[in-house]
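Results of the structural survey
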Amino acid sequence: MKDWIIYSIGFLAQILFSSRLIIQWLASEKQRKVITPKTFWTLSLIASFLLFIYGYLRLDFAIMLGQSLTYFIYIRNLQLQGQWQKFPKIAQYLLFVVPILIVIFYYNNNKIDMQLLFKNADIPTWLLVLGIVAQVIFTLRFVYQWIHAERNKASTLPMGFWVLSLIGASLILTYAIIRKDPVLFLGHLFGMVIYARNAYLIRHTND
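Residues numbered from 1 in each chain as written. Predicted model: local features only at pLDDT ≥ 70, side-chain atom pairs only at ≥ 80, totals over all residues. Heavy atoms only, no water.

Broken down by element type, the protein chain carries 8 helices and 0 strands. Across the protein chain, helices and strands are ordered from the amino to the carboxyl terminus as α-α-α-α-α-α-α-α. Within the protein chain, the fraction of its 207 residues that count as buried is 45%. With an accessible surface of roughly 10,800 Å², the protein chain has 69% of that area assigned to carbon and sulfur atoms. (Helix = DSSP H or I, 4+ residues; strand = E, 2+ residues; numbered from the N terminus. Buried < 20%, exposed > 50% of the residue type's maximum accessible area, 1.4 Å probe, protein only. Areas by Shrake-Rupley, 256 points an atom, 1.4 Å probe, with all protein chains shown as cover.)

Before going further, it helps to spend a moment on the packing of aromatic side chains. Under the counting rule described, the total for this entry stands at 12 aromatic pairs. Here the aromatic rings of Phe-142 and Phe-161 are separated by 5.1 Å at their centres, their planes lie at 75°, and the arrangement is edge-to-face. Pair noted here: Phe-142 is in helix α6 (residues 125-152) and Phe-161 is in helix α7 (residues 159-179), with a separation of 19 residues, a long-range link. Summarising the burial analysis for this pair, Phe-142 and Phe-161 share the class buried. Summarising the aromatic geometry, the rings of Trp-162 and Tyr-195 are spaced 6.0 Å apart at their centres and angled 40° between planes, so their arrangement reads as tilted. Residue Trp-162 is located in helix α7, and its partner Tyr-195 is located in helix α8 (residues 182-206); the two are separated by 33 residues in the primary sequence. (Phe/Tyr/Trp six-rings, centres within 6.5 Å; stacked < 30°, edge-to-face > 60°.)

With that settled, consider the side chain of Gln-14. Inspection of the secondary structure assignment puts Gln-14 in helix α1 (residues 3-31). For Gln-14, a relative accessible area of 7% translates into the label buried. Of note is the side chain of Gln-14, whose polar atom sits 3.5 Å from the backbone oxygen of Val-183. The residues contacting Gln-14, other than those within four sequence positions of it, are Leu-51, Val-183, Leu-184, Gly-187 and His-188. (Polar contact = N/O pair within 3.5 Å; in protein donor to acceptor, adjacent residues only side chain to side chain. Contact = heavy atoms within 4.5 Å.)

Spelled out as structure tokens, the structure:
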């Protein structure tokens, strides 16, 4: 597949990720406290699906891993907000099943592709490890948020979410610079500004 198509998919995913942050940020600024708009999780789910595809096309296991770990947390938050039930049934089935089918298909029928993911000459082992660690830390923010949401039976974004976002984004930025990946670089550079602002709003609200 041509590079411009692959990068277009990646940039579209990052645009959606950035859009969710802008919507969340503006809504929070208006209320002077951190809130989670309903569109935040919808855009997260669509963007995650696209970035997963981008990661596969770029033969980048770190990206695929990060999106796989958070994908179903997005769906769970949509359920907690009562939005998932509003999706057409066919959309629910497709969004829930397609990522699983893609993983199963490539694992069972495309061993060459699996080898490329872990033996990509453009990504030495130490860099792959850095990318995986960065994605795991970045993903932990949603695991933390999910546990917090289940305990409170409400979809919110607590302080720990934004702290982990800053740490994870910093590591991913480092990975993106070394990997020379403009999609990851631009997306996370922009995101760090909003992560820091939300952390400030929470701290200011609690003072």
